[in-house]
Structure formats: structure tokens, C-alpha cells
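Single-letter residue listing:
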Number of protein chains: 2
Amino acid sequence: MKIHSVSYLQEAFNKALEDEKIDNKPPELYDPIKYILSIGGKRIRPTMLLMACDLFGGDFREAMPAALAIEMFHNFTLVHDDIMDQAPLRRGKETVYKKWNTNIAILTGDTMMPLAYDFILYINDSKLKDVLKVFNQTAKEVCEGQQFDLNFETSENVTIPQYLEMIRLKTSVLIGGSLKIGGIIAGTSEGNLNKLYLFGINIGLAFQLKDDLLDVYGNEDVFGKQNSGDIVANKKTYLYLKAFELARGNDRKMLKHYFDKEFADNLEKIKAVRKIYDKFKIYQHTESLISFYYEKAMKYLESIDVDQDAKQELRSVAKGLVHRDQ
Amino acid sequence: MKIHSVSYLQEAFNKALEDEKIDNKPPELYDPIKYILSIGGKRIRPTMLLMACDLFGGDFREAMPAALAIEMFHNFTLVHDDIMDQAPLRRGKETVYKKWNTNIAILTGDTMMPLAYDFILYINDSKLKDVLKVFNQTAKEVCEGQQFDLNFETSENVTIPQYLEMIRLKTSVLIGGSLKIGGIIAGTSEGNLNKLYLFGINIGLAFQLKDDLLDVYGNEDVFGKQNSGDIVANKKTYLYLKAFELARGNDRKMLKHYFDKEFADNLEKIKAVRKIYDKFKIYQHTESLISFYYEKAMKYLESIDVDQDAKQELRSVAKGLVHRDQ
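Calculation rules
Residues numbered from 1 in each chain as written. Chains lettered and ligands numbered in written order. Predicted model: local features only at pLDDT ≥ 70, side-chain atom pairs only at ≥ 80, totals over all residues. Heavy atoms only, no water. Contact = heavy atoms within 4.5 Å. Buried area = accessible area lost by both parts, 1.4 Å probe. Salt bridge = Lys/Arg side-chain N within 4 Å of Asp/Glu carboxyl O. Polar contact = N/O pair within 3.5 Å; in protein donor to acceptor, adjacent residues only side chain to side chain. Helix = DSSP H or I, 4+ residues; strand = E, 2+ residues; numbered from the N terminus. Expected span 1.5 Å × (residues − 1). Buried < 20%, exposed > 50% of the residue type's maximum accessible area, 1.4 Å probe, protein only. Least-squares fit on C-alpha atoms with pLDDT ≥ 70 in both. Bend = angle between axes of the 7 residues up to and from the residue. Core = buried A, V, L, I, M, F, W, Y, C linked by side-chain atoms within 4.5 Å. Phe/Tyr/Trp six-rings, centres within 6.5 Å; stacked < 30°, edge-to-face > 60°. Lys NZ or Arg CZ within 6 Å of the ring centre and 35° of its normal.

Undergrad: Describe the interface of chain B and chain A, naming the residues involved and giving the relevant values.
TA: Taken residue by residue, the interface counts 39 residues in chain B and 39 residues in chain A. Taken together, both faces of the contact between chain B and chain A bury some 3,700 Å²; the carbon and sulfur share is 68%. For the pair chain B and chain A, the number of links is 4 salt bridges. Between Lys129(A) and Asp125(B) there is a salt bridge, with its nearest N and O atoms 2.8 Å apart. Scanning the region where chain B abuts chain A turns up 20 residue pairs in polar contact (both at pLDDT 80 or more). Counting residues per element, the side of chain B that touches chain A draws most heavily on helix H7 (residues 125-153) of chain B, which supplies 15 residues.

Written out as C-alpha cells, the structure reads:
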């Protein structure tokens, strides 16, 4: 069985997306849609969807509409999340609500939903309902995850399990759902679909934790990303929650103090928080949790009932998502 | 053929909606959804969907999921429109963004989209794709209509045809789409579906123009509705556009002046604008356009190839939408 490379499928996806003719009336509505889709990203989710289809010998072209639907949905969530998080930049470029305005960003996102569902119309009748079911469930859960994330901003008592459940919903289910949809289109068994989904969930958790880790310990010069932005924004990520769990006395008091409000001197704040993180080996704790989810993901991948060689591309993508510097 | 009465189908719909179990985790997300659905409205769109199915001898229970999808979608647009229009009240109650906050209102609306599409999963396989196609198209067009409406707020040169096209998209297509979906589920011909749709489009235009008219000339005491709110908010409805078309010299200058900014004394403004409207018989002009669309709608209804007696309920709903006092 010939398996396509990640880059081949990624390029095929980018080509398909470029070929899509998106409406243009009114331009105030459709220009922002073209803009957010054009500023790119690595197209991780649609590419993994195509890979999952490919893995079982399915025709990835048959899965292309679903991949386009997933990318459209993902970008819709970015447009609305950026309003809610008041984020000025996305992938180094102005966010939609900053470049245009909040109302346009709301409506742009709203329109991307039926556009996503329009792609689903091109899915083979025999698979349409199964795909639609996974797509709907995923979309709801992503919204639930974002709501938990918003809740946590003002909550005093977020626990580590609650945080992990939040990132499962906000980030992982879309990766798991994408893989599962690819598998449905290839026509694989229920058992394989579940393993594929759990592979995605666990790799998604590892991916998000790595994101949190890189925010504090990553390369300072990554384009468009403010270093230690999570600390500045008082985001209670796993790093903070673990530190707060381990810290006692004055360290705990200082952590709480620093994450309680905005500070005039962010550099001082970052330095102080990192010092506490270092004291409690938060880097190592986080890396170890990442490894835990990564290993779990790989176990699910290995247990999928298909030629082991065929899994090489998915193995390498999973590794890339977790062992990255930025 | 036994046709169900409007009130029977309306009640059946309300019962079905009440029986729906909506998730509750996180409550910050789902409570507002239950709230907006509970504050009611006349359920015009879903009821008309059921009536269209009934008209052709279809089983209205088979159309119920589609009716629920339409009502869910409609309420999603209300939640987001109220943010964009900064409306404090909806059906006499606090709007979602006022009662909770903007972020919750954005996410609430977002979640209602996959919830709407979840209902569509219950549609018979043989009709699913046709229904999905109409639903997607309608959803996109409603968003386009809202964008045109937003554009008009800051535009100096809105024409009457542009205004009519805006309300066609923002209001009429959802009525036309609802009717068409009911017809699809009943399995009627393409010809009848088109006539049904155009009946809905024209009755929707008449309905919205009546809404604009009642805003200025309606009962002062209607609960939850501010009288002449469109004049206060400088909304360039058909009434304004027609007056501006007919007025000359000082009248035209004054109209422009009054619709140019906010005024301290709204009562004075309303009185002055109404005086100009009366001078140019705007009430009569609007009533005549309403009649034009109403007659056109009725012609499409009469031309539908089905037992004439069976149309009585739809005739009476159409009449009620256009010949109302509030």
C-alpha cells in the first residue's frame, strides 16, 4: 500500500483551499474570511484528516471536502476567540476584529459555519450522516472548551484535572474528530475509529501542553508570539497550576499575588514567576506530562489494525507536534 | 385530506421544543441558550415549516427536527444581532449579552449552530442533503443580510432596491427556506418548492415592511417595544428612504439633518420626522408596497399545485402576518 507523505497531503490541501471560490458580496463579510484563511498556519487538522483516510487505503480526494470543512470551522473559532481574548495578533498578523471591527468579526465567524457545512454536502451519501455527527459533536465541544477557558479567567480554584479537561475540549477534540472523520471516509472499523480518535485526543493534549511550555521556555524570537504571554495575561495554564500545587508559604503567596492582577513591570513579573517555576522544576513536570500523553497516543496509534509501515507518516507528525522548539 | 390548524402545529412545535433536553455543562454556555429559547416569540418560521409539510400530505412529525433546527438557528441570529445592535431588550426581556456578557453571547450563539445542525441529523436519509443545502444557503444569506444592514448604518446613499434586497436576505429567506424545507420533507415537486419559496420571500418582505410601518405608526403601548425606535436610531427603513426620495428643499434637508446624528430631544425629533412622513403620505406608500408583496405572495400560494382548500391555513397565517396591529 502506497502512503502519501505529510507534505504531499499538506500541499494537496493548500491547493484545494486556494481553488475554492468564496463569495464576495458583501465584501465586508467575505474579505475577512479570505484574509483569515490566507494567513495560513500549518493546516495540521485537515492534513491529519487526509492522513487518516490515506492510512486505511481510502482516497484522500474523497476526504478533501471534510478537510476543508474542518479548516473552515477551525478558522471560525480563531476569529471569535480573538474577539473574546482581545488578541491583537494572530500568526503575526492583525486579527480580524482589530483589522476590521468586532461586529464584522462576529458576522465573519458566523458565516464560516454554514460555509463549513457546505463542504460537508460533498461527502458521499453513505458516510454523510456519520461525518455530520462527529462534526457537530466536535463543534459543540470546542465551544464548551472555550467557555471553560473563559470561566477560568475569573475562577480562583481551577484544578489540574479541570484544566486538562478544558484543553481536551478546546484543542484535542478537533484533532481527534478530524482523524475520526478521515477514518470514516476511508470506511474503517468502529474499533479503529475509536483508537484513531484517542490517538488524536492524547496527541492534542501533549500538543497543547507543549504550547504552554514553549510560551514560557520557548525561543524568544518567534515571530508574532510574545514570550511568556501567558504569565503576563495571568493565564492559569498547567505550569501555573502545578507550581501552585507544589509551592508553599511565601512562594505560593507570591504566585497568587503575581497572577492576581496586571503589573506595570511585566519583565519583573516574568522573572519572578519563572524563578518559582524553576525552583519547583515545572519545566520537568510539564515535559513529563507531555511524554505521558505522547506515549499514550503512540500506544493507540500502534494498536490500530492496519499495516504498521503505513503508520510512519502519522508517527512522524505526532512526533513533530510534541518535539518542537516553537 | 385533513389539514392541521396553525394553532395545533404551533402547539405541537412548542411541545417538541420543551421536550428537548439541552446539555448543561458548562451552565454559563447552556443557560443562555435555554433562556433565549424560553422567551418565546410566535414560532412563525418553524410553524410555517410544519404547515408546508402538512399542505402536501406529509407527516408534520417527520418535519419536526427541521423545524427545531430553524428555530434554533433563528434564535442564534437574535443573540448575535442583539450584540451588534446593542439592543438591551428582546421580546420585553433583557438580551443575552446584557444579562450575561458579550463573550458569553458570542459563544452561546456559536454553540447554537451545531445544535441546529444536530436536529438535521434526524431527517430521513433520502431528504437530508436537500434540506442541508437549503439550510446552509439560508444561513449564509441571513448573515449577508445582517452585514448589509450594518453597512447601511454608515452609508450615505442607500437606495430603496438595496434596502429591499437587504430585508429579503435578513428576513425573507428564512421564511422562504423554512417553507421550502417543509415541502422537501413532504416530497413535493420542484415546481411547487419554488412557488412555496417565493410565497415565503414575498410574505417576508410584506411582513418586514409592516414591522417598519408599525414601528412608527403602531400602538404606543406594545410591551417591550420602543415606539419610533427606528427614527431614534436613525435606521434608514423604507419609510425614511421613500420620504427622502419624495422630499425636496427644506424637507429633504431636515430629514437628512434628523437622521444624521443622535438628538437630545427624541420626542421633538420623532414629531418632526413624522410630520414630514405625513406630508409625503409615507404611511400610504408603505401600505401600498406591503399590499404589492402580499398580493404577489398570494398569487404564488394560489399557483401551488395542491387542493385549494388545503391552503386555507397558510392563507390565514399570511394574512395575520401582514394585517396586524403590533
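Undergrad: Account for helix H13 (residues 266-279) of chain A, naming residues and giving values.
TA: All names here are of chain A. Between its first and last C-alpha atoms H13 spans 20 Å; for 14 residues at 1.5 Å apiece the expected length is 20 Å, and the two agree. Buried within H13 are the following residues: Lys269, Ile270, Ala272, Val273, Ile276 and Tyr277. Tucked into the core, H13 has its buried residues touching helix H9 (190-217), helix H10 (229-232), helix H11 (238-246), helix H12 (249-258) and helix H14 (282-303). Its side-chain oxygen placed 3.2 Å from the backbone nitrogen of Leu267, Asp265 serves as the N-cap of H13. Backbone geometry just after H13 places Lys281 at a positive phi near 50°.

Undergrad: Can you explain the pattern of salt bridges? Please cite residues and give values.
TA: All told, the structure shown has 32 salt bridges over all chains when counted by the stated rule. Several salt bridges converge on common partners, so that one network encompasses Asp149(A), Lys170(A) and Lys235(A).

Undergrad: Let's hear about the relation of the copies chain B and chain A: which residues, and what values?
TA: Note: a rotation about an axis with an accompanying shift along it relates these two copies of the chain. For the match of chain B to chain A, the screw axis carries a shift of 0.0 Å, the RMSD comes to 0.0 Å, and the turn is 180°. One copy is carried onto the other by what is essentially a two-fold rotation axis. Same-surface contact between copies: 100% of interface residues of chain B are shared with the interface of chain A.

Undergrad: So what's going on with helix H8 (residues 160-186) of chain B? Residues and values would help.
TA: Residues and elements named next belong to chain B. Look at H8: 37 Å from first C-alpha to last across 27 residues, which is about the 39 Å you get at 1.5 Å a residue. A maximum bend of about 50° is found in H8 at Ser172. For H8, the tally of buried residues reaches 21 of 27 residues, placing the bulk of the element in the interior. Downstream of H8 by one or two residues, Gly187 has phi in the positive range, about 80°.

Undergrad: Which residues make up the environment of Ala69(B), and what values do they have?
TA: Residues and elements named next belong to chain B. Note on placement: Ala69 falls in helix H4 (residues 60-84). Judged by its relative accessible area of 0%, Ala69 falls in the buried class. Between the alpha carbons of Ala69 and Phe148 there is a distance of 24 Å; along the sequence they are 79 residues apart. Residues contacting Ala69, with those up to four places away along its chain left out, are Ala116, Phe119, Ile120 and Phe135.

Undergrad: If you had to explain the nonpolar core to someone new, which residues and values would you point to?
TA: One finds Met48(A), Tyr277(A), Met48(B), Phe199(B) and Tyr277(B) to be the most contacted residues of the largest nonpolar core, which totals 242 residues. Sequence-distant contacts of Phe199(B), that is, excluding residues within four places in its chain, are made with Met48(B), Leu179(B), Ala297(B), Met298(B), Tyr300(B), Leu301(B), Leu314(B) and Ala318(B).

Undergrad: Before we move on, could you go through the packing of aromatic side chains and cite the residues and values that matter?
TA: A full pass over the atoms with the stated rule returns 23 aromatic pairs over all chains. Ring geometry for Phe73(A) versus Phe76(A): centroids 5.5 Å apart, planes at 50°, classification tilted. Of this pair, Phe73(A) and Phe76(A) both sit in helix H4 (residues 60-84), separated by 3 residues, roughly a single helical turn. For the residue pair Phe73(A) and Phe76(A), the accessibility class agrees, reading buried in each case. Between Tyr217(A) and Tyr283(A), the ring centres sit 5.2 Å apart and the planes meet at 80°, which makes this aromatic pair edge-to-face. Note that Tyr217(A) is positioned in helix H9 and Tyr283(A) in helix H14, a separation of 66 residues in sequence. One aromatic cluster is present, formed by Phe73(A), Phe76(A), Tyr117(A), Phe135(A), Phe73(B), Phe76(B), Tyr117(B) and Phe135(B) through successive ring pairs. Stacked on the ring of Phe60(A), the Lys or Arg Arg61(A) has its end atom at 5.6 Å from the ring centre. Positioned above the aromatic ring of Tyr197(B) is the side chain of Lys180(B), whose terminal nitrogen or guanidinium carbon lies 5.5 Å from the ring centre.

In short, geometric facts, not functional conclusions.
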